[in-house]
Amino acid sequence: MGKRRSAFVWAVLGCLALGLLASAQGAWAQPGQDAAHQTVPTATPVRPPTPAPPRPTPAQPVPGGPAPYLHLEADAKGVLPGGTFRYRATVGNAGEGAASQARLALYLPRVLTLLGVEPVGTPVEVTEEGAVVPLGDLAPGQEVALGFQVQVGREVPLGAVLEAWAELAWAGGRLVSEAVYVALPPGALPVTGGAHPLP
């Protein structure tokens, strides 16, 4: 009788352990996603003051016209309150014509302070929403990489998730990046910052 009861207890404990492990692995995943490639946090993100607009449908490149592109990522892996990390924005023009009057806007939550922009000397306008960088005319084949060094406010609680996004605008069009998430422990995201398409 004692052996049966002991076996039953171990079976119950085993089921509970498996359930907790599965819950932990999928804590950041959405239905249909592989938990090993988590991208969407379940915690409510700390968002920029300006809500992200719907991502516009990419227009078909016009022969002889511009074809700008935009990519945003974060290099954070484990950021603590008061810590720093960098957003990297890559913009370019894969078309045959120039993208005139181009400008990049980075939207940050207010708990982040912008410390600087790379390359050093890049003109930047600091706004309540984040930062704006005038790019001028993007020539065909031109690509620009920008780094934005930010610091997390010391008042930000552990486990918080920070959301940022970027917009590239030029005469005749605009592009909106995916949202990029960075988590403070015990939250965990991929080193890329957990990019996820905006709604």
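Refer to the structure above for everything that follows.
Note that the coordinates shown come from a computational prediction; the quantities given were computed from them, not determined experimentally.

Description of the overall build of the protein chain
A count of helices and strands for the protein chain gives one helix and 10 strands. Ordered by position from the N terminus, the helices and strands of the protein chain form the series α-β-β-β-β-β-β-β-β-β-β. The contacts of the protein chain with a sequence gap of at least 6 include a subset with a gap of at least 24, amounting to 71%. Total accessible area on the protein chain stands at roughly 11,100 Å², and carbon and sulfur atoms take up 60% of it.

A closer look at the nonpolar core
One finds Phe85, Tyr87, Leu104 and Phe148 to be the most contacted residues of the largest nonpolar core, which totals 38 residues. Looking at this core, the elements that each hand over two or more residues are strand S1 (68-74), strand S2 (84-93), strand S3 (99-107), strand S4 (112-118), strand S6 (130-138), strand S7 (143-152), strand S8 (161-170) and strand S10 (180-183). Grouped together as the second largest cluster of nonpolar side chains are five residues, Tyr107, Val132, Trp165 and Val176 included.

With respect to the pairing of S10
Neither face of S10 is open: one carries Val180 and Val182, the other Tyr181 and Ala183, and all of them are buried. Note that S8 and S10 share four bridges and pair antiparallel. For Leu162, the partnering residue across the bridge sits in S10 and is Val182.

Looking at the environment of Val79
Assignment of secondary structure puts Val79 in the loop between S1 and S2. Residues Val79 and Val182, 103 residues apart in the sequence, show an inter-C-alpha distance of 7.9 Å. Those residues in contact with Val79 that lie beyond four places of it in its chain are Phe85, Val152, Val182, Ala183, Leu184 and Pro185.

Considerations on the sheet that holds S4
Reading across from one edge, S1-S2-S7-S4 is the order of the four strands in this open sheet, with antiparallel pairing throughout. The open sheet has two edge strands, S1 and S4, and neither has a second partner. The average undirected angle you get between the axes of adjacent strands in this sheet is 20°. Here S1 runs beside S2; their pairing, made up of seven bridges, is antiparallel. Bridge pairing in S2 places His71 opposite Thr90.

Things to note about the side chain of Gln149
Take Gln149: it is sitting in strand S7. Contacts of Gln149, omitting those with residues within four sequence positions, involve Thr84, Phe85, Arg86, Thr113, Leu114, Leu115 and Gly116.

Definitions and cut-offs
- Within each chain, residue numbers correspond to sequence positions counted from 1 in written order.
- Thresholds applied to this predicted model are a pLDDT of at least 70 for local features of residues and 80 or more for the giving and counting of side-chain atom pairs; totals over whole chains, interfaces and linings are not thresholded and use all residues.
- To get the side-chain values, all heavy atoms of the structure are used, and hydrogens and water are removed first.
- Put simply, DSSP marks the helices as runs of H or I at least four residues long and the strands as runs of E at least two long, and each gets a number from the N terminus on.
- Residue contacts are defined here by distance: any two heavy atoms, one from each residue, within 4.5 Å place the two residues in contact.
- All accessibility values rest on the Shrake-Rupley procedure with a 1.4 Å probe; residue burial counts only the protein chains present in the view.
- Residues enter a nonpolar core if they are buried and are Ala, Val, Leu, Ile, Met, Phe, Trp, Tyr or Cys, with the set joined through side-chain atoms within 4.5 Å.
- Only protein chains enter the accessibility calculation, which uses a 1.4 Å probe; a residue whose area is less than 20% of its type maximum is buried, one above 50% is exposed, and one in between is partly exposed.
- DSSP-based pairing: two strands are paired if at least 2 bridges between them are found.
- Angles run from 0 to 180 degrees between N-to-C directions of axes, and those axes are lines fitted to C-alpha atoms, restricted for helices to the stretch in contact.

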